[in-house]
Amino acid sequence: MSEPTVPEGADAEAPEPEAPQHEVIVVGAGVAGLVTADALARRGYDVLVLEAQGRVGGIVSRHDLDGIALDAGAESFAVRGGAVAELAEQVGLGDDLVDPEPGGAWLRLADRSVPLPKRTMLGIPSVPLAEDVIAVLGWRGALRAYLDRLMPVLKVGKDDRLGPLVERRMGKAVLERLVAPISGGVYSSNARDLDVAVVAPGLNEAMTRAGSLSGGVALRIGDGARPGSAVRGIRGGMHRLPEALRAEVERRATIVTDATVDHVERTELGWAVQAGERRWTSSALVLATPGAPAATLLASAGIPVEAAPATTVELVTLVLPPLVGAPAGSGALVAEDAGIAAKALTHATAKWGWLAEDAGERAVVRVSYGRAGQAPATADLSDADAIALARRDASAILGIAVPEPIAADRVRWEQAQPSSSVGARALQRRVRDAVADEPTLEVVGAWIAGTGLAQVVPDAKEAALRIRRERFGPQEQEDEPDAVSDDADA
Ligand SMILES: Cc1cc2nc3c(=O)[nH]c(=O)nc-3n(C[C@H](O)[C@H](O)[C@H](O)COP(=O)(O)OP(=O)(O)OC[C@H]3O[C@@H](n4cnc5c(N)ncnc54)[C@H](O)[C@@H]3O)c2cc1C
């Protein structure tokens, strides 16, 4: 059905337009591409997926260390919106959805490690004089944060950037010791660059109502702590999600791996896609690659767009002999002035019960590098030196002498800019506007939807729906149940 064809000779004349070989070609088999392909193939579309690597899943991938299957990239998903859990259920992983262990995250400050205060939003405390906040800020910092309650009432929209807003209202200590580690560790961003309206929707309005930033946070979080921070995982690892999606897609469509698409162009009846000498045609085209290759492919079709630069992130995973307890809960975010090169550490065997079972006596920790706008401290190191640095940093973060690893691995990723960065949404809108004139072209993935599976998955489903509407008209409904999986027959 989808055998690649060799391009015809340059002198070939083709007066009759060639019927496209496929209804839809999806370029890129990360989660965004797989979700789009699955949603369309389930509806009976003839879909071809082309993937540059020899495997699918993109950043959601697996590596095996000392016989333990681990996530090499994403290891959880945000519960917000419910789209990822719904997808997991759809591909048969519903019974394997798991919550992290209750240890919670810690902060590694310059002088000590402390649990992340409970009643906070993005690190901003709702109660500046709470005991767990004083433990982080000290009395001086906490009293400065409390001044927020006494300052004149805020005007909406005065600061659209998180960093300056926090510093002005609550002081440097809240910014540097609480908000900055979360911005760097969770969003790979500088707090200065995070857009309050995106990263904390409703906070501006709540501040105006409450008359202070901490009061606004209190209104937003209500009785719960850290809204939007809830994450879940999949027993066995997040990499099971693209593996299951691959199986679903391959029941109805074709995935060609080791096919790096380098050129796309319009044809009379749709699109032609080329990977070196191989060429395929389709009625509709979905680009599901990261930003840089997508911009190159769009340019090849005469659609110039700008992609925001991605942040390079490196993860060093260490499999260790048993550690006593969980010295920093499920992991720690590191303050920039802590004198530690790593930006965060995940104590994976303390975070995930299933992994602790799989690992037996062994401990697994993952140390991450690469703050926004800076190359990871590991970038120029050999693997052995990067692993040695990760071991030293893990010792500093956990406050114990981390033993010689049993096994270790180092992985490099390019992380798309979060849509929470100031200016990111405008840039994404410009890309969407640029492709809007092409009803048979869709662009999906983290660079356009925002980083994180909770953003990528619903966006990819919407793109699939737009393609269906293009073909069948507006009677296609977003909430229509997808066609029953063939699994139901088994
Ligand atoms: C280290 C790290 C940890 C993360 N942790 C989490 C987490 O815990 N939870 C969470 O929700 N999110 C997490 N994220 C973010 C999340 O992983 C991504 O937002 C999401 O996986 C992006 O999916 P995607 O399909 O858009 O892109 P990708 O996963 O990058 O997939 C793009 C695919 O396109 C292919 N491709 C590229 N160029 C071409 C070409 N020319 N031709 C054909 N194919 C091509 C690539 O090989 C790749 O397979 C993390 C990200 C990183 C970097």
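Residues numbered from 1 in each chain as written. Predicted model: local features only at pLDDT ≥ 70, side-chain atom pairs only at ≥ 80, totals over all residues.

**Q** Is there a simple way to explain the overall build of the protein chain in this structure?
**A** A count of helices and strands for the protein chain gives 16 helices and 21 strands. The C-alpha atoms of the protein chain give 24 Å as radius of gyration, which agrees with the globular expectation for 490 residues (23 Å, within 12%). Taking the principal axes of its C-alpha atoms as reference, the protein chain extends roughly 80 × 55 × 45 Å. Once local pairs closer than 6 in sequence are excluded, the contacts in the protein chain between residues at least 24 apart make up 71%. (Helix = DSSP H or I, 4+ residues; strand = E, 2+ residues; numbered from the N terminus. Rg over C-alpha atoms; globule rule 2.2 N^0.38 Å. Contact = placed C-beta atoms within 7 Å.)

**Q** Help me understand the site of the ligand in this model?
**A** Around the ligand sit 37 residues, and of these Gly-28, Gly-30, Gly-58, Ala-74 and Gly-445 come closest. Those elements giving two or more residues to the shell around the ligand turn out to be helix H1 (31-41), strand S5 (77-78), strand S16 (311-320), strand S20 (407-415) and helix H16 (453-472). For the shell around the ligand, a count of residues per class yields 22 nonpolar, 13 polar and 2 charged. If you count residues domain by domain, the shell around the ligand takes at least three from each of domain 1 (22-58 + 238-309 + 421-489) and domain 3 (311-415). (Near = placed C-beta within 6 Å. Nonpolar A, V, L, I, M, F, W, Y, C, P; charged D, E, K, R; others polar. Domains from an automatic or database assignment.)

**Q** Sorry if this is basic, but what is going on with the sheet that holds S16 here?
**A** Hydrogen bonds along the backbone pair up the strands of a sheet, which may run parallel or antiparallel. Read from one edge of the open sheet, 7 strands run S8-S7-S17-S18-S19-S16-S20, paired in mixed fashion. Edge positions in the sheet fall to strand S8 (113-115) and S20, since each of these pairs with one other strand and no more. Ignoring which end each strand starts from, the neighbouring axes of this sheet average 20 degrees apart. Here strand S7 (residues 105-108) pairs with strand S17 (residues 331-334) via 4 bridges, running parallel. In the sheet register, Trp-106 faces S17, and the bridge partner there is Ala-332. Together, S7, S17 and strand S18 (344-347) form the strand contacts of helix H5 (residues 172-187), whose direction differs from that of S17 by roughly 115 degrees. (Pairing = 2+ DSSP bridges. Axes fitted to C-alpha atoms, helices over the stretch in contact; angles between N-to-C directions.)

**Q** Would you take a moment to explain the sheet that holds S5 for this structure?
**A** One open sheet holds the 3 strands; their spatial order is S5-S11-S6, and the pairing between them is antiparallel. Of all strands in the sheet, those with a lone pairing partner are S5 and strand S6 (97-98), marking the two edges. Examined bridge by bridge, S5 and strand S11 (residues 231-234) share 2 bridges and lie antiparallel to one another. Its bridge partner being in S11, Phe-77 is matched across the sheet by Arg-232.

**Q** Mind showing me how you'd approach the domain arrangement of the protein chain here?
**A** Many authors give the size of an interface as the accessible area that is lost as the parts come together. You can read the domains of the protein chain as domain 1 (22-58 + 238-309 + 421-489), domain 2 (117-221) and domain 3 (311-415). Each partner contributes residues to the interface: domain 2 has 11 residues there, and domain 3 has 14 residues. Classifying every residue of the side of domain 2 that touches domain 3 gives 3 nonpolar, 5 polar and 3 charged.

**Q** Got a minute to help me understand the packing of helix H3 (residues 131-146) against H5 in this structure?
**A** Packed helices, taken two at a time, are described by their axes: the angle between them and the distance between them. Running from amino to carboxyl end, H3 crosses H5 at an angle of 135 degrees, the nearest separation of the two axes being 8 Å. For the element pair H3 / H5, the angle class is oblique. Judged by residue contacts, Val-136, Leu-137, Gly-141, Arg-144 and Ala-145 of H3 engage Ala-173, Val-174, Arg-177 and Leu-178 from H5. Counted by class, the contact of H3 with H5 contains 6 nonpolar, 1 polar and 2 charged residues. (Parallel < 35°, antiparallel > 145°, perpendicular 65-115°, else oblique.)

**Q** Could you clarify how one ought to interpret helix H8 (residues 213-221) in this entry?
**A** In an α-helix there are 3.6 residues to a turn, and that puts residues three or four apart on one side. Residues Leu-213, Ser-214, Gly-216, Val-217 and Arg-220 constitute the buried set of H8. All buried residues of H8 lie within an arc of 155 degrees about the axis, which places them on one face of the element. As for H8, its buried residues are in contact with strand S9 (120-121), strand S10 (124-125), helix H4 (162-170) and helix H7 (203-210). One or two residues past the end of H8 sits Gly-222, with phi positive at roughly 55 degrees. (Buried ≥ 20, exposed ≤ 12 C-beta atoms within 10 Å, placed from the backbone. Arc of directions from axis to C-beta.)

**Q** What is the right way to read H4 from this model?
**A** In terms of burial, H4 is a largely internal element, 7 of the 9 residues being buried. Residues of H4 that are buried include every one of Leu-162, Gly-163, Leu-165, Val-166, Glu-167, Arg-169 and Met-170, and no others. Among the structural elements, S10, H3, H5, helix H6 (196-199) and H8 are those in contact with the buried residues of H4. Once H4 finishes, Gly-171 follows within two positions and takes phi at roughly 95 degrees, a positive value.

**Q** Explain the packing of H7 against H8 to me, please; I cannot follow it from the model alone.
**A** Where H7 meets H8, the axes come as close as 7 Å, and the angle between the chain directions of the two elements is 115 degrees. In this structure, the crossing between H7 and H8 has a hand that is right-handed. Along the contact surface, H7 presents Leu-203, Ala-206, Met-207, Arg-209 and Ala-210, while H8 presents Leu-213, Gly-215, Gly-216, Ala-218, Leu-219 and Arg-220. For the contact of H7 with H8, the class distribution of residues is 7 nonpolar, 2 polar and 2 charged. (Left-handed = near helix turned anticlockwise from the far one by under 90°.)

**Q** Can you walk me through the confidence of the model for the protein chain in this structure?
**A** Interpreting fine coordinate detail is not advised for predicted regions of low pLDDT. With 90% of its residues at a pLDDT of 70 or more, the protein chain shows a mean pLDDT of 88. Per-residue pLDDT stays below 50 along residues 1-10; that stretch engages in 12 contacts with residues further than four places along the chain or on separate chains. Counted against residues more than four places away or in other chains, residues 478-490, with its pLDDT under 50, gives 8 contacts. (pLDDT = per-residue confidence, 0-100.)

**Q** Mind showing me how you'd approach unusual backbone geometry here?
**A** Peptide bonds are trans in most cases, and residues, glycine excluded, mostly fall at negative phi. Backbone geometry places Asp-66, a non-glycine residue, at a positive phi of 50 degrees. For Asp-66, the position within the fold is in the loop between strand S3 (62-65) and strand S4 (68-71). Positive phi outside glycine occurs at Leu-122, with the angle close to 55 degrees. Turning to its location among the elements, Leu-122 is positioned in the loop between S9 and S10. C-beta crowding within 10 Å serves as the criterion here: with 24 such atoms nearby, Leu-122 is assigned to the buried category.

**Q** Whenever I open this one, the environment of Ala-424 confuses me. Can you help?
**A** With respect to the element layout, Ala-424 can be found in helix H14 (residues 424-436). What makes Ala-424 buried here is the crowd of 22 C-beta atoms within 10 Å.

**Q** Is there a simple way to explain the environment of Gly-58 in this structure?
**A** Mapping Gly-58 onto the fold places it in the loop between strand S2 (47-50) and S3. Classification of Gly-58 by C-beta neighbours within 10 Å gives buried; the count is 26. Along the sequence, Gly-58 and Val-402 sit 344 residues apart, while their C-alpha atoms lie 31 Å from each other. If near-sequence neighbours (up to four positions away) are discounted, Gly-58 is found in contact with Gly-30 and Val-31.

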